[in-house]
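# Examination of the molecular architecture
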Amino acid sequence: MKIRDGYLLRNVAGKNIVVSIGSDVKFNGMLTLNDTGVFFWNLLQKETTKEEMLKAVLKEYDVSSDIALQDIENFILKLQETKILED
C-alpha cells in the first residue's frame, strides 16, 4: 500500500496538514496529522506493508505491538475512507 499521487504533507503554522493537489484527486479536504501520523505518512510514501510499518514503529517508539498495530490499522482505515491510499 502507498499514498496516492496528488497529496502532500505540509507544515502550516505549526500544524502538519495533508492537502490535495491537481485535479485527479479523490479527497478534496484537509487532514491534520500528529507526529505519529506524520511518521506513518512518511512510511507510506513508498510501497510498504502493515508488517513493515509495525517493525518501523516498534523501532522508533516505546509502545507495545498491540497498540502500535491498532494505531496503524486506524490510520490506514482513515486513509482508505478518504481515498488517499492506493487500492
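Throughout what follows, the structure given in this document is the object of discussion. (Residues numbered from 1 in each chain as written. Predicted model: local features only at pLDDT ≥ 70, side-chain atom pairs only at ≥ 80, totals over all residues. Heavy atoms only, no water.)

### What about the overall build of the chain?
Helix and strand counts for the chain come out as three helices and three strands. Its helices and strands taken in sequence order, the chain reads β-β-β-α-α-α from the N to the C terminus. Relative to the globule expectation of 12 Å for 87 residues, the C-alpha radius of gyration of the chain, 13 Å, shows essentially globular dimensions. On the principal axes, the C-alpha backbone points of the chain span a range of 40 × 30 × 20 Å. Relative to its 87 residues, the chain shows a buried fraction of 34%. If you take every contact in the chain between residues at least 6 apart in sequence, the share linking residues at least 24 apart comes to 47%. Carbon and sulfur atoms provide 48% of the accessible area of the chain, an area that totals close to 5700 Å². (Helix = DSSP H or I, 4+ residues; strand = E, 2+ residues; numbered from the N terminus. Rg over C-alpha atoms; globule rule 2.2 N^0.38 Å. Buried < 20%, exposed > 50% of the residue type's maximum accessible area, 1.4 Å probe, protein only. Contact = heavy atoms within 4.5 Å. Areas by Shrake-Rupley, 256 points an atom, 1.4 Å probe, with all protein chains shown as cover.)

### Some remarks on the environment of G37
Tracing the chain through its elements places G37 in helix α1 (residues 35-43). A relative accessible area of 5% places G37 in the buried class. In the structure, G37 is positioned 15 residues away from E52 in sequence and 16 Å away in space, judged by C-alpha atoms.

### What about the pairing of strand β1 (residues 7-12)?
As paired strands, β1 and strand β2 (residues 15-20) are joined by six bridges and run antiparallel to one another. Looking at the pairing, L9 lines up with V18 of β2. Connecting the antiparallel pair β1 and β2 is a turn made up of two residues, with A13 showing a positive phi of about 55°. (Pairing = 2+ DSSP bridges.)

### What about the sheet that holds β2?
As summarised here, the arrangement of the three strands in space is β1-β2-β3, forming an open sheet in which the pairing is antiparallel. Of all the strands in the sheet, the pair left with one neighbour each is β1 and β3 (31-33). This sheet shows a mean twist of 35° between the axes of neighbouring strands, independent of strand direction. As judged from the three bridges shared by β2 and β3, these two strands associate in the antiparallel manner. Paired with V18 across the strands is L31, a residue of β3. (Axes fitted to C-alpha atoms, helices over the stretch in contact; angles between N-to-C directions.)

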